[in-house]
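The residues making up each chain are set out below.
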Amino acid sequence: MAGVAGGNDFQWCFSQVKGAIDEDVAEADIISTVEFNHSGEFLATGDKGGRVVIFQHEQEVHFCKNRPHLRGEYNVYSTFQSHEPEFDYLKSLEIEEKINKIRWLPQQNSAHFLLSTNDKTIKLWKISERDKRAEGYNLKDEDGRLRDPFRITSLRVPVLMPMDLMVEASPRRVFANAHTYHINSISVNSDHQTYLSADDLRINLWHLEITDRSFNIVDIKPANMEELTEVITAAECQPNQCNVFVYSSSKGTIRLCDMRAAALCDRHTKFFEEPEDPSSRSFFSEIISSISDVKFSHSGRYMMTRDYLSVKVWDLNMENRPVETYQVHEYLRSKLCSLYENDCIFDKFECCWNGSDSAIMTGSYNNFFRMFDRNTRKDITLEASRESSKPRGTLKPRKVSTGGKRKKDEISVDSLDFNKKILHTAWHPKENVIAVAATNNLYIFQDKIN
């Protein structure tokens, strides 16, 4: 079967896998976020140990049917410790170092900038290259020792000499002490000067140059916490209008707000909700309707939301129901009871668009991930596993049997491994290259050139 990518029928093939093959995975090595930069040249991952690893694409151009195809591998460019574990002495709470989100800023000069956040603190990092060093100082020798000023008889002009390339990551800003609850989202605004950060009950707007204050733009905390009925699960800025943003809730609703209307956006401009089908209501309805991710399309016309069993695409001009609904793993509906008992029902799956908004991708269990073509309505299930990671090996579509007689290539729903889950995925903004995080491994797949 052909693959799914923006109307093109082609196959996906294995490109690379990063990370150790150990059976015993250290908690700190589990990948917690994946993000391409705006050109796709860089790919950043964050993990539960508070580290950020940046990969750079080493380009090779191949011509296929007179069209240039970018090939080549992603190699480690820089690794740095972004966050350390902390302790809140007032609340007697440990603050994990786990990186919740990474967001790249558009490139303005030769350096690259990205925002990374754990539960409480957001940091702005500058990643820059150095391939020259100054030599010939007047007051110190080449080995760094200070010279006797009385022995200096002539002035030297220091010169820049070439050296081995060094990539430095330095924290330029630290945005702290603005969130009482755990940060779940950060999103850079289209003005490239401001960004928003969201926790369970509040959303703050920051200026990238100002660290000691932020504006609270949404606050849904009730006066009495016993009356709390929903929390904020994700938030994102509109890609083309710096005054518009959306946030999703644990009740399965999405609110669109316009900062031109009021400084405090407690009253939304639009409210997106799909009416519930009374016939399918169950004990788990509220849990599985909670939205775990919301993403604007690159055009800004649509947004996509992920709940436990499905992905929905909404037209911003139609609030009463989504224009497209894709079932991710409907075969799990009969397993909700056991998924509730092992806490998997609370897993937060992310979703992403391809560069042209014509296809979407999201994860599932058993290291499966799903792709949906919005034009042809075709969908495909693929697996990120060591077994299928032969160089340039084509990925075989996977199928799950839901009972009755199982076909040869199908896997039974009862033998799915719920400890292996694809929560974080990313799609290259311009090419058919995808990054899929499977526990402590990062898989990179690309379209196969025939």
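To be clear, the structure that these remarks concern was listed above.
These figures come from a predicted structure and were not determined experimentally. (Residues numbered from 1 in each chain as written. Predicted model: local features only at pLDDT ≥ 70, side-chain atom pairs only at ≥ 80, totals over all residues. Heavy atoms only, no water.)

Points about the pairing of strand E33 (residues 433-438)
Put simply, side chains in a regular strand alternate between the two faces of the sheet. Note the following rule: Buried means the residue's accessible area, taken with a 1.4 Å probe over protein chains only, is under 20% of the maximum for its type, while exposed means over 50%, and partly exposed covers the values in between. Helix numbering and strand numbering both begin at the N terminus, where a helix is a DSSP run of H or I of at least 4 residues and a strand a DSSP run of E of at least 2. For two strands to count as paired, DSSP must find a minimum of two bridges between them.
Counting buried positions along E33 gives six out of six residues, so the element sits mostly inside the fold. Alignment of E33 against strand E34 (residues 441-447), held across six bridges, turns out to be antiparallel. Bridging across to E34, Ala 437 finds its partner in Leu 442.

Brief notes about the layout of surface pockets
In plain terms, the rule: The definitions used throughout rest on a 1 Å grid laid over the protein atoms alone, on which a cavity is an enclosed set of points accommodating a 1.4 Å probe that cannot get out and a pocket is an open set flanked by protein within 12 Å on both sides along at least five of seven lines; lining residues are those having an atom within 4 Å of a point. Grid points are joined across faces, edges and corners, and a volume is the space filled by probe spheres set on the points. In this count, Pro and Cys sit with the nonpolar residues alongside Ala, Val, Leu, Ile, Met, Phe, Trp and Tyr, while Asp, Glu, Lys and Arg are called charged and the others, Gly among them, polar.
There is about 930 Å³ of room inside the largest pocket. Those elements that provide at least two residues to the lining of the largest pocket are strand E2 (31-36), strand E10 (101-104), strand E14 (185-188), strand E18 (232-237), strand E22 (293-296), strand E26 (351-353) and strand E32 (424-427). Along the lines of polarity and charge, the residues of the lining of the largest pocket split into 17 nonpolar, 13 polar and seven charged. Taken as a whole, the second largest pocket holds about 800 Å³ of empty space. Lining the second largest pocket are 30 residues, with Lys 98, Asn 100, Lys 348, Leu 423 and His 424 sitting closest to its centre. If you list the elements that add at least two residues to the lining of the second largest pocket, you get E2 and E18. With three residues, the top contributor of residues to the lining of the second largest pocket is E18. Here the residues of the lining of the second largest pocket are counted per class, giving eight nonpolar, ten polar and twelve charged.

Some words on the nonpolar core
As a reminder, the rule being used: Side-chain atoms within 4.5 Å are what join buried Ala, Val, Leu, Ile, Met, Phe, Trp, Tyr and Cys residues into a set we call a nonpolar core. When checking whether two residues touch, look at their non-hydrogen atoms; a contact exists if any pair is within 4.5 Å.
Core analysis: the biggest nonpolar cluster contains 19 residues, and Tyr 308, Leu 332, Leu 339 and Leu 416 have the highest contact counts within it. Residues in contact with Leu 332, not counting those within four places in the same chain, are Leu 309, Leu 339, Tyr 365, Val 413, Leu 416 and Phe 418.

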